[in-house]
Amino acid sequence: MLEDDAYRDLYYDAATGPLPSSLYALDREGRVIRTGTFSKILTPGMRLGWALARPEIIERMMMLKEEGGTSPFTQHVAVEYGKDGVLMSHISALVEAYRAKRDTMLSALERYFPAEATWTRPAGGFFVWATLPPSVDPAQLAARAHEEGVDYMDGASCFAGPPPTPGTYMRLSFSLLKPDDIEEAIKRLARAARSLM
């Protein structure tokens, strides 16, 4: 089993309870391979990751990895940055910044989105999942949002199969924009949604 754990270090709700154990930590039979990336915790675009698994699994994985795609310089940067607690301090700063952005988006959704909408309150990561009633046509919403100068990912395309319940799903990212821009984007997206309800 592969555990893709790219966002684990970006946990925003430690004050309300501990982060649940990883699948790797719960695995007693050595079947889980846990993977992560530095692109979320060190710098975007850093195509460098890591894996935790039984030694014999790592050995087999290494047989498949021919060097040539991973920059040795990038690897050295990650190692040096990880020394002496510097990376952990950096992650703490990221958690504070992203938590503020998440909270800005949640507050804006509460103020501007239609009462019929629902959304998640993510404990980590970069995205809020919002859902509008199925009467809102996804293609029309995307067009209206574009007219308003905002964009989002069509959430339905993120499911392996049909969505579990009817609705118009949106994956809203809060990682890139400044809080004021997040507020304005949600206001515009809400205007687009309301125009179709």
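Before reading on, note that the structure itself is shown above.
Residues numbered from 1 in each chain as written. Predicted model: local features only at pLDDT ≥ 70, side-chain atom pairs only at ≥ 80, totals over all residues. Heavy atoms only, no water.

> For this particular structure, what's the right way to read a nonpolar patch on the surface?
Where nonpolar side chains cluster on the molecular surface, the patch consists of Met1, Leu23 and Leu26 and spans about 320 Å² of accessible area. Assessed through its relative accessible area of 39%, Leu23 is described here as partly exposed. (Patch = residues over 30% accessible without salt bridge, like charges linked within 9 Å, V, L, I, M, F, W, Y side chains within 5 Å. Areas by Shrake-Rupley, 256 points an atom, 1.4 Å probe, with all protein chains shown as cover. Salt bridge = Lys/Arg side-chain N within 4 Å of Asp/Glu carboxyl O. Buried < 20%, exposed > 50% of the residue type's maximum accessible area, 1.4 Å probe, protein only.)

> What exactly am I supposed to notice about the nonpolar core here?
Burial of nonpolar side chains together is a common tendency in soluble globular proteins. In terms of nonpolar packing, the biggest core is built from 39 residues, with Phe113, Met170 and Leu172 touching the most fellow members. Counting only elements with at least two residues in this core, the list comes to helix H4 (86-112), strand S5 (127-132), helix H5 (138-147), strand S7 (168-173) and helix H6 (179-194). At 9 residues, the largest contribution of residues to this core is made by H4. (Core = buried A, V, L, I, M, F, W, Y, C linked by side-chain atoms within 4.5 Å. Helix = DSSP H or I, 4+ residues; strand = E, 2+ residues; numbered from the N terminus.)

> Which parts of the structure should I look at to understand the sheet that holds strand S6 (residues 153-154)?
The pairing of strands in a sheet happens through backbone hydrogen bonds and is either parallel or antiparallel. With antiparallel pairing, the 4 strands of this open sheet are ordered in space as S4-S5-S7-S6. Bordering the open sheet on either side are strand S4 (118-119) and S6, each of which pairs with just one other strand. Pairing of S6 with S7, which is carried by 2 bridges, proceeds in the antiparallel orientation. Paired with Met153 across the two strands is Arg171, which belongs to S7. (Pairing = 2+ DSSP bridges.)

> What should I look at first to understand the sheet that holds strand S3 (residues 49-52) in this one?
Strand order in the open sheet formed by 3 strands is S1-S2-S3, and the pairing between neighbours is mixed. The sheet terminates laterally at strand S1 (2-4) and S3, the two strands that pair on one side only. For this sheet the average axis-to-axis angle between neighbouring strands, irrespective of direction, equals 20°. Where S1 lies against strand S2 (residues 33-37), 3 bridges are found, and the strand directions are parallel. Paired with Leu2 across the strands is Ile33, a residue of S2. (Axes fitted to C-alpha atoms, helices over the stretch in contact; angles between N-to-C directions.)

> What's the story with unusual backbone geometry in this structure? I'm lost.
Note: most residues except glycine have negative phi, and most peptide bonds are trans. For Asp84, which is not glycine, the phi torsion reads 60° and is therefore positive. The residue Asp84 is located in the loop between helix H3 (72-81) and H4 in this model.

> What am I meant to see in the environment of Leu172 here?
Relative to the elements of secondary structure, Leu172 occurs in strand S7. Spatially, the C-alpha atoms of Leu172 and Met105 are 8.9 Å apart, while their sequence positions differ by 67 residues. Those residues within four positions of Leu172 in sequence are excluded, and the remaining contacts are Met105, Leu109, Phe126, Phe127, Val128, Ala130, Tyr152, Ile186 and Leu189. (Contact = heavy atoms within 4.5 Å.)

> Teacher, can you tell me more about the packing of H5 against H6 here?
Any two packed helices are characterised by the angle at which their axes cross and by the distance between the axes. Relative to each other, H5 and H6 sit at 135°, their axes nearing to 9 Å. What the angle tells us is that H5 and H6 run oblique. Here H5 and H6 pass one another in a crossing that is right-handed. In contact with Leu141, Arg144 and Ala145 of H5, H6 contributes Leu189, Arg191, Ala192 and Ala193. (Parallel < 35°, antiparallel > 145°, perpendicular 65-115°, else oblique. Left-handed = near helix turned anticlockwise from the far one by under 90°.)

> Is there a simple way to think about the packing of aromatic side chains in this case?
For any two aromatic rings, the description comes down to two numbers: the centre-to-centre distance and the angle of the planes. In this structure the tally under the stated criterion is 8 aromatic pairs. With 5.1 Å between their ring centres and 80° between their planes, Tyr7 and Phe126 make a pair best called edge-to-face. One end of the pair, Tyr7, is in the loop between S1 and helix H1 (23-26); the other, Phe126, is in the loop between S4 and S5, with 119 residues separating them in the sequence. What makes Tyr7 partly exposed here is its relative accessible area of 29%. Ring centres of Tyr7 and Phe127 lie 6.3 Å apart, and the angle between their planes is 80°; on these two criteria the pair is classed as edge-to-face. (Phe/Tyr/Trp six-rings, centres within 6.5 Å; stacked < 30°, edge-to-face > 60°.)

> Would you mind going over the environment of Asp13 with me for this structure?
Among the structural elements, Asp13 can be located in the loop between S1 and H1. Since its relative accessible area comes to 11%, Asp13 is described here as buried.

> Help me understand the packing of H4 against H6, please; the structure alone is not making it clear to me.
Here H4 crosses H6 at 30°, and the two axes come no closer than 9 Å. It follows that H4 is roughly parallel to H6 by the angle criterion. Handedness of the H4/H6 crossing: right-handed. Contacts from Lys101, Thr104, Met105, Ala108, Leu109, Arg111 and Tyr112 in H4 reach Pro179, Ile182, Glu183, Ile186, Lys187, Ala190 and Arg194 in H6. Of the residues belonging to the contact of H4 with H6, the class tally is 8 nonpolar, 1 polar and 5 charged. (Nonpolar A, V, L, I, M, F, W, Y, C, P; charged D, E, K, R; others polar.)

By themselves, these figures tell us nothing about what the structure is for.
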